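Tertiary structure, described
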Amino acid sequence: VTAARRTLSRAEVDAFGRELDTLRAEVVADLGQRDADHMRGVMRDVHRLEAAGRLLLHVGVDPVSFTVGTACLALAKILENMEVGHNVMHGQYDWTKDPRLASQDYEWDHACAGEDWRRTHNFEHHTYTNILGKDRDVGYGFLRVCEEQGWHPRHLVQPLVALSLAFNFQWGVATHDLHVDEFLAGKMSLAQLRARARPFVAKVRWQLVKDYALFPALALWNAPRVAAGNLLANTARNLWTFAVIFCGHFPEGVAVYREEDTRDESRGDWYLRQLGGSANIEGGSRFHLMTGHLSHQIEHHLFPDVPAARYPELAPRVREICERYGQTYVTGSFGRQLRSVAGRLLRLSLPTRTARMSAAAPVAARVAA
Amino acid sequence: MTSLEPRTTGWKAAAATVARHLLLDRHAEFWLDQVAPGRSLTETRARVVKVIAETADMRTFVLRPNRRWTGHSAGQYTTVDVEIDGVRVRRCYSLSSAPGDQLAITVKRVAGGRVSTWMHDHVGVGDVLVLGAAAGDFVLPTPAPAKLLLLSGGSGATPVMSILRDLAARDAVRDVVFVHHARSRADVPFGPDLRALAARHPGLRVVLELDDAPDSRGGFDEQRLRQRVPDLAERATFLCGPTGLMARVESMYEAAGLADRLTSERFVAAAPVSRVADGDAQIVTVRLGRTGTRFAATSAAPLLDQIERNGGRPAHGCRMGICHTCTCRKRTGAVRNLITGAVSDAPDEDIQLCISVPQSDVELSL
């Protein structure tokens, strides 16, 4: 897509914000039984898939039951992490007042501790989305994902680094909040790092015990098979979530922002930045569900605490508003967005001139090539 | 409000902690619910086994609770959670059964009452309700007073009936007068049971004050009560009924110097929240329950800012209502959500401090 983002007048920014606020209010007023039933239905599927997967892994001896069992377990983990955990922890279902859907209490089947996730993701990433130096999700502190980030020789190996992150994505996410880079740079003491790592260490211990000690032990002679199945399921989930999440913020056409331009943002400005910093992936309803509706990254960033299952019905209306205000709505097929991200990571591994961001039109900071 | 937390000790608590860390608790809960819907490891649930139409607008739901139910004393109430259009709503209902009998609540359909209407229209045999624990001090002292006056009106008969049934079950009905106020005979709940109890226990006298009786002046009549129960000064009195009835009985007892003989149960626990007018910046009081801090606040600014200005350091993040870090339990009072405009005025609701402005005196769990 070649599309410039039109620079809006103050009045237009405010009107844009109001239109999105109205849209949000409309959905919130309509939330009800079908939303609660949807989430409970997904949770039911997660339980069933996990039980089926574990049963096949534990009692089977043949490669077919191993493959099917691992696939069921991987599916269960993907759905639990993406549609249930991520969305529930955003507070999307707090309005139900169901203690099982309470954002502050939910703990997901993932190495990242829920309390760490709620801070780094819900607060830091969603508030400061794509602001260089503020949103640590822009390249996660070690990848160069946009021209505006300066080049460093270590970026030469970033395609390999990204590939290994893909396979170990849950560990990347879980250690994200430890700020290991600051420790390595001598800005944080070991004691501080230890204190920071407490929730992480506690969570990881239990997660490792569950998948690699308890369940294999329960399988007796089948222990190696169960451990292998769990490892494969976790890895499959890592690859899938990596792919979906990288397509949400790093394809071509997504903008980054400077801190000084975002200091006195109005609600409309914030909406514009969320839109500019996100990209959607096209697909069917099953695909959307499997991504936890992060395939609607734009809608998610505009309305992070609205039940994600509503994003598909919101998307055409959001897009219509964006088009009316001359704002690019970045979207594409999964394959295209993946190629776009891969191309960008490869291209930016080599030294290119660090792009300067124009101060005059922060919202239209970048024009997609 | 009572805790829904499991009462576990020793190895059970340890097992529950381990299960929670291994994320096995939710699997256990899910599969238990699949196999036996009434059962739960964390919630007190009860299956409706019978529904009795007491009057045109009062229904008794006979319940079979799971093992987490810890019993009740006659006259107590419990909380009942129901899900209406995806949202859990909680109400308190008095138990109408005696402690040893099958558990029962009796619910009057209140005009405009969401939960009572929903209970009447949607809850039937086989449905499962979520209960709290029994609570309340509308209970007989031990030993029970020798002479007793049970005074009720409308659905106020519910806890009183529990007390009466309990006395009957313990064969302790020595000298009890039960005076109940209703619009007509058709509006008197527990009719067959009351007749049977009166026939079996000579110490029980049941008096019905019906508004449609030819000699009735409608509602509570002090003269009449004194005529019917001449020795009321000697009786321990248990009172439950509509606000008007209760106020009149209370002032009568007050004037007669009998206030210490009177025990009352009020269904409306808290007085309705008096909200400030919209658009006005008015001064309200904010109380932080945990620290005991109390300060004057304005109804024009978010609670988070005002708490910080008064030395509090609550957890927070985005300050714009998206991250839910500052979500906190509001004990009492009304607040308005600046983004949605929605007002939360029920007790014990979670609110986002950064986008909530107080609309009345507020108590927070901070």
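Structural data are supplied above this passage.
So, here's what we can say about the structure. Bear in mind that the values here come from a model prediction, so they are computed numbers and not experimental data. (Residues numbered from 1 in each chain as written. Chains lettered and ligands numbered in written order. Predicted model: local features only at pLDDT ≥ 70, side-chain atom pairs only at ≥ 80, totals over all residues. Heavy atoms only, no water.)

Turning our eyes to something else, we now look at the nonpolar core. In terms of nonpolar packing, the biggest core is built from 81 residues, with A:Phe16, A:Leu20, A:Val84, A:Phe246, A:Phe303 and A:Val318 touching the most fellow members. It is helix H3 (residues 63-89) of chain A that contributes the most residues to this core, 7 residues altogether. Apart from residues no more than four positions distant in its own chain, A:Leu20 is found in contact with A:Tyr271, A:Leu302, A:Phe303, A:Val318 and A:Ile321. Core analysis: the next-biggest nonpolar cluster, separate from the first, contains 27 residues, B:Met161, B:Val173, B:Leu194 and B:Phe238 among them. (Core = buried A, V, L, I, M, F, W, Y, C linked by side-chain atoms within 4.5 Å. Buried < 20%, exposed > 50% of the residue type's maximum accessible area, 1.4 Å probe, protein only. Helix = DSSP H or I, 4+ residues; strand = E, 2+ residues; numbered from the N terminus. Contact = heavy atoms within 4.5 Å.)

With that settled, the discussion passes to the sheet that holds strand E2 (residues 58-65) of chain B. Residues and elements named next belong to chain B. Spatially, 6 strands are ordered E4-E3-E6-E1-E2-E5 in an open sheet, and the strand pairing comes out antiparallel. The open sheet has two edge strands with one neighbour each: strand E4 (87-94) and strand E5 (103-108). Going across the sheet, the axis of each strand differs from the next one's by a mean of 40 degrees, ignoring polarity. Seen against the sheet, helix H3 (residues 114-122) touches E2, strand E3 (77-84), E4, E5 and strand E6 (128-131) and runs at an angle of roughly 75 degrees to E3. (Pairing = 2+ DSSP bridges. Axes fitted to C-alpha atoms, helices over the stretch in contact; angles between N-to-C directions.)

Every contact between the two is made by 31 residues of chain B and, on the other side, 40 residues of chain A. Between chain B and chain A lies a buried interface of about 3,000 Å² when both sides are counted; carbon and sulfur atoms form 58% of it. Residues B:Glu349 and A:Lys97 are paired through a salt bridge, measuring 3.0 Å at the closest nitrogen-oxygen approach. Summed over the shared surface of chain B and chain A, the number is 16 residue pairs in polar contact (both at pLDDT 80 or more). Counting residues per element, the ones that place at least two in the side of chain B that touches chain A are helix H1 (10-21), helix H2 (24-35), E3 and E4 of chain B. (Buried area = accessible area lost by both parts, 1.4 Å probe. Salt bridge = Lys/Arg side-chain N within 4 Å of Asp/Glu carboxyl O. Polar contact = N/O pair within 3.5 Å; in protein donor to acceptor, adjacent residues only side chain to side chain.)

All names here are of chain B. The sheet built from 3 strands is open, its strands ordered E16-E15-E18 with antiparallel pairing. Edge positions in the open sheet fall to strand E16 (343-344) and strand E18 (356-358), since each of these has one partner strand only. Examined bridge by bridge, strand E15 (residues 335-337) and E18 share 3 bridges and lie antiparallel to one another. Residue pairing across strands places Val 335 opposite Pro 358, the latter belonging to E18.

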